[in-house]
Each structure stands twice: as structure tokens, then as C-alpha cells.
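Observations on the three-dimensional arrangement
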Amino acid sequence: MPDIVLFMPQTGIYKKILRPWMPLPLLNIATHLVGKGYTFKIIDQRVDPDWKEQLIAAVAARPICVGISSMTGSQIMGGLEAAAV
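Let us look at the structure shown here. None of these values were measured; they are calculated from a predicted model.

Right, let's get into helix 1 (residues 24–35). Helix length check: helix 1 (12 residues) gives 17 Å between terminal C-alpha atoms against 16 Å at 1.5 Å per residue, within 8%. Regarding helix 1, the residues found buried are L26, A30 and L33. One side of helix 1 holds all its buried residues, which, seen down the axis, span an arc of 55°. The exposed set on the far side of helix 1, more than 90 degrees from its buried face, consists of L24, T31, H32 and G35. Those residues of helix 1 hidden inside the fold are in contact with strand 1 (4–8) and strand 2 (40–44). Immediately beyond the C-terminal end of helix 1, within one or two residues, lies G37, with a positive phi of roughly 90°.

To continue, consider the nonpolar core. A general feature of soluble globular proteins is that nonpolar side chains tend to end up buried together. Residues V5, F7, I43, W51, L55, A58 and A82 constitute the largest nonpolar core, which totals 7 residues. Every element with two or more residues in this core is listed here: strand 1 and helix 2 (51–60). A per-element tally of this core places helix 2 first, with 3 residues. Once you skip the residues sitting within four places of it in the chain, A82 turns out to touch F7, W51, L55 and I68. Within the second largest apolar cluster, 6 residues are counted, among which are L6, L26, A30 and L33.

If you walk across this open sheet you meet the 3 strands as 2-1-3, and the pairing is parallel. The sheet is open, and its two edges are formed by strand 2 and strand 3 (65–68), each paired on a single side. Taken pair by pair, the neighbouring strands of this sheet meet at an average axis angle of 20°, ignoring direction. Direction of pairing for strand 1 relative to strand 3: parallel, over a ladder of 4 bridges. The residue bridging I4 from the neighbouring strand is C65, located in strand 3. Relative to strand 2, helix 2 is tilted by about 155°, and along the sheet it contacts strand 1, strand 2 and strand 3.

This paragraph deals with the pairing of strand 1. By the criterion of burial, strand 1 is predominantly enclosed, with 5 of the 5 residues buried. The alternating pattern of strand 1 places I4, L6 and M8 on one face and V5 and F7 on the opposite face, and all of these are buried. Judged from the 5 bridges that link them, strand 1 and strand 2 form a sheet pairing that is parallel. Across the sheet, V5 pairs through a bridge with K41, a residue of strand 2.

Conventions and cut-offs
Residues numbered from 1 in each chain as written. Predicted model: local features only at pLDDT ≥ 70, side-chain atom pairs only at ≥ 80, totals over all residues. Heavy atoms only, no water. Helix = DSSP H or I, 4+ residues; strand = E, 2+ residues; numbered from the N terminus. Expected span 1.5 Å × (residues − 1). Buried < 20%, exposed > 50% of the residue type's maximum accessible area, 1.4 Å probe, protein only. Arc of directions from axis to C-beta. Contact = heavy atoms within 4.5 Å. Core = buried A, V, L, I, M, F, W, Y, C linked by side-chain atoms within 4.5 Å. Pairing = 2+ DSSP bridges. Axes fitted to C-alpha atoms, helices over the stretch in contact; angles between N-to-C directions.

So, in C-alpha cells, the structure goes:
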């Protein structure tokens, strides 16, 4: 199981006009984690309809930490939803 879980929330209104792009901020963090010997899992709420089950399973494995990305605006709602899980 992963040492660290990284979560990318929905982008709110932007999901109606933009396609999801790669979660570059999380991939940047993951690059450093791999270099330090950590394993990680990225869960992307924007593209994964089973994100909640995946997050529950990942947290049940007791990772060191869970990181939730968010920008100011509507994406905060998805981040808060993930934090509640």
C-alpha cells in the first residue's frame, strides 16, 4: 500500500468547459517522493467515479499522510468532501 496518498478534487464549473489535465502539481510532489523512497497513490476525483471507495481503501491502509490539492474557488468543495472521508 502507498506511504502517501495525493488527492486532486473536482474543478467545479471548469469541468463543464475544460477537459481534466494531468494533475501536474501532484506529479511534481510524487517525483520528489519517489526520489526519497516513498510510494504514493494519486486519486483524481475529476476522472474517477469510484474516487470515494479508492480513498477509503487507501486511508484504511494507514498511510503516513494524505495530501489534498486545491485552488481558491469551487475546487475547495471537492477538497472538503475528500477531507471528510
